[in-house]
Amino acid sequence: DTAVSQTPKYLVTQMGNDKSIKCEQNLGHDTMYWYKQDSKKFLKIMFSYNNKELIINETVPNRFSPKSPDKAHLNLHINSLELGDSAVYFCASSEVHSGSPLHFGNGTRLTVT
Amino acid sequence: AQSVSQHNHHVILSEAASLELGCNYSYGGTVNLFWYVQYPGQHLQLLLKYFSGDPLVKGIKGFEAEFIKSKFSFNLRKPSVQWSDTAEYFCAVMGGNTPLVFGKGTRLSVIA
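Residue positions within a chain follow its written sequence, with the count starting from 1. To label them, take the chains in the order written and letter them from A, then take the ligands in the order written and number them from 1. A pLDDT threshold of at least 70 governs which residues receive local features in this predicted model, and a stricter bar of 80 or more applies before side-chain atom pairs are shown or counted, although totals over entire chains, interfaces and linings include all residues. Think of the side-chain values as coming from all heavy atoms in the structure, minus any hydrogens and water.

### As for the environment of Asn-17 of chain A
Residues and elements named next belong to chain A. Among the structural elements, Asn-17 can be located in the loop between strand S2 (10–13) and strand S3 (19–25). Sequence-wise, Asn-17 and Glu-82 are 65 residues apart; in three dimensions their C-alpha atoms are separated by 8.5 Å. Contact criterion: two residues are considered in contact whenever any of their non-hydrogen atoms come within 4.5 Å of each other. Filtering out sequence-adjacent residues up to four positions away, Asn-17 remains in contact with Ile-78, Asn-79, Ser-80 and Leu-81. Here a polar contact is recorded for every N or O atom pair within 3.5 Å, except that within protein the pair must consist of a potential hydrogen donor and a potential acceptor, and residues adjacent in sequence are included only if both atoms are side-chain atoms. Of note is the side chain of Asn-17, whose polar atom sits 2.9 Å from the side chain of Thr-13. Each helix is a run of DSSP H or I of at least 4 residues and each strand a run of E of at least 2, with the numbering of both proceeding from the N terminus.

### Notes on the interface of chain A and chain B
A common way to state how big an interface is: give the accessible area lost once the parts meet. Taken residue by residue, the interface counts 18 residues in chain A and 20 residues in chain B. Summed over both partners, the accessible area lost on bringing two parts together, with a 1.4 Å probe, is the buried area. Both faces considered, chain A and chain B share a buried interface measuring about 1600 Å² in area, 64% of it formed by carbon and sulfur atoms. Salt bridges are identified by distance alone: a Lys or Arg side-chain nitrogen within 4 Å of an Asp or Glu carboxyl oxygen. Counting the contacts that link chain A with chain B gives 0 salt bridges. On inspection of chain A and its partner chain B, the count reaches 4 residue pairs in polar contact (both at pLDDT 80 or more). When residues of the side of chain A that touches chain B are traced back to their parent elements, those giving at least two are strand S4 (31–37) and strand S5 (43–50) of chain A.

### Points about the state of the cysteines
When two cysteine sulfur atoms lie within 2.5 Å, the pair is treated as a disulfide. The final tally for this structure, using the stated rule, is 2 disulfides over all chains. Each sulfur in the disulfide pair Cys-23 of chain A and Cys-91 of chain A lies 1.9 Å from the other. Sign of the S-S torsion, about -80 degrees for the bond between Cys-23 of chain A and Cys-91 of chain A, identifies this disulfide as left-handed. With Cys-23 of chain A in strand S3 and Cys-91 of chain A in strand S9 (residues 87–94), this residue pair connects regions lying 68 residues apart in the sequence. Think of it in three bands: with a 1.4 Å probe and only protein chains considered, a residue is buried below 20% of the maximum accessible area for its type, exposed above 50%, and partly exposed in between. In this structure Cys-23 of chain A comes out as buried when scored by relative accessible area, which is 2%. The disulfide partner of Cys-23 of chain B is Cys-91 of chain B, and the S-S distance across this bridge is 1.9 Å.

### Examining the side chain of Ser-100 of chain A
For Ser-100 of chain A, the location among the structural elements is in the loop between S9 and strand S10 (103–104). If near-sequence neighbours (up to four positions away) are discounted, Ser-100 of chain A is found in contact with Ser-94 and Glu-95 of chain A together with Phe-34, Phe-51 and Met-94 of chain B.

### Description of the packing of aromatic side chains
In this scheme Phe, Tyr and Trp rings, the latter by its six-membered ring, pair at centre separations within 6.5 Å, and the angle between planes marks the pair as stacked below 30 degrees, edge-to-face above 60, and tilted otherwise. In this structure the tally under the stated criterion is 15 aromatic pairs over all chains. Ring plane angle 85 degrees and centroid distance 5.5 Å describe the contact between Phe-104 of chain A and Tyr-36 of chain B, whose orientation is recorded as edge-to-face. With Phe-104 of chain A in strand S10 and Tyr-36 of chain B in strand S5 (residues 31–38), this pair bridges two chains. Assessed through its relative accessible area of 6%, Phe-104 of chain A is described here as buried.

### Quick notes on the sheet that holds strand S1 (residues 4–7) of chain A
All names here are of chain A. DSSP-based pairing: two strands are paired if at least 2 bridges between them are found. Within the open sheet, the 4 strands sit side by side as S1-S3-S8-S7. Their pairing is antiparallel. Edge positions in the open sheet fall to S1 and strand S7 (64–67), since each of these has one partner strand only. Between one strand axis and the next, the sheet turns by 15 degrees as a mean value, whatever way the strands run. Between the N-to-C directions of two axes lies an angle of 0 to 180 degrees, each axis being a line fitted to C-alpha atoms and, for a helix, fitted only over the stretch in contact.

In structure tokens form, the structure reads like this:
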């Protein structure tokens, strides 16, 4: 059973479109995250949710809107996609907000053309 | 704000060579330290972690890391690498209520 699952795995779209990436974890964790990995492999946190509440919102354009319908899901919606949004987006979860190791999903490779 | 510095961008080793990847962090308080590995085309997997206690921690696949508080370091080691260790390695630190912060990664290429 996949612990943290993201869909889709690949997403190719044109500039200006709106797209969503879904994430689900079946580990019973309280905290979920979105990280962005750029072309140089640098990982940067975007958002963190703890029990459906937004905890961390790093310097991310407001075109990016996370939504957590319950603590097992954290979806990422992106409006008006730009070329610079092309990256691999990783969802992750952890038991508690601080101190616990993160479990990562397989990533979603977003390509904006 | 905490930060993580990985000294080597790309390391190339022959099989059976010993490995040491450097990691230094900046944070004044108590930290939790991690090493993650990302095999080509895959997601990040936890190699090992340090929370407290013995500063020498052992992880999966023969990896270990040593926390040296005075040097703010958490270097990753393996006595003898294999071709299958080819991957990207990320050091990460978590302090207080801050999120996990990653270093820029070190690419390890192991050649036969």
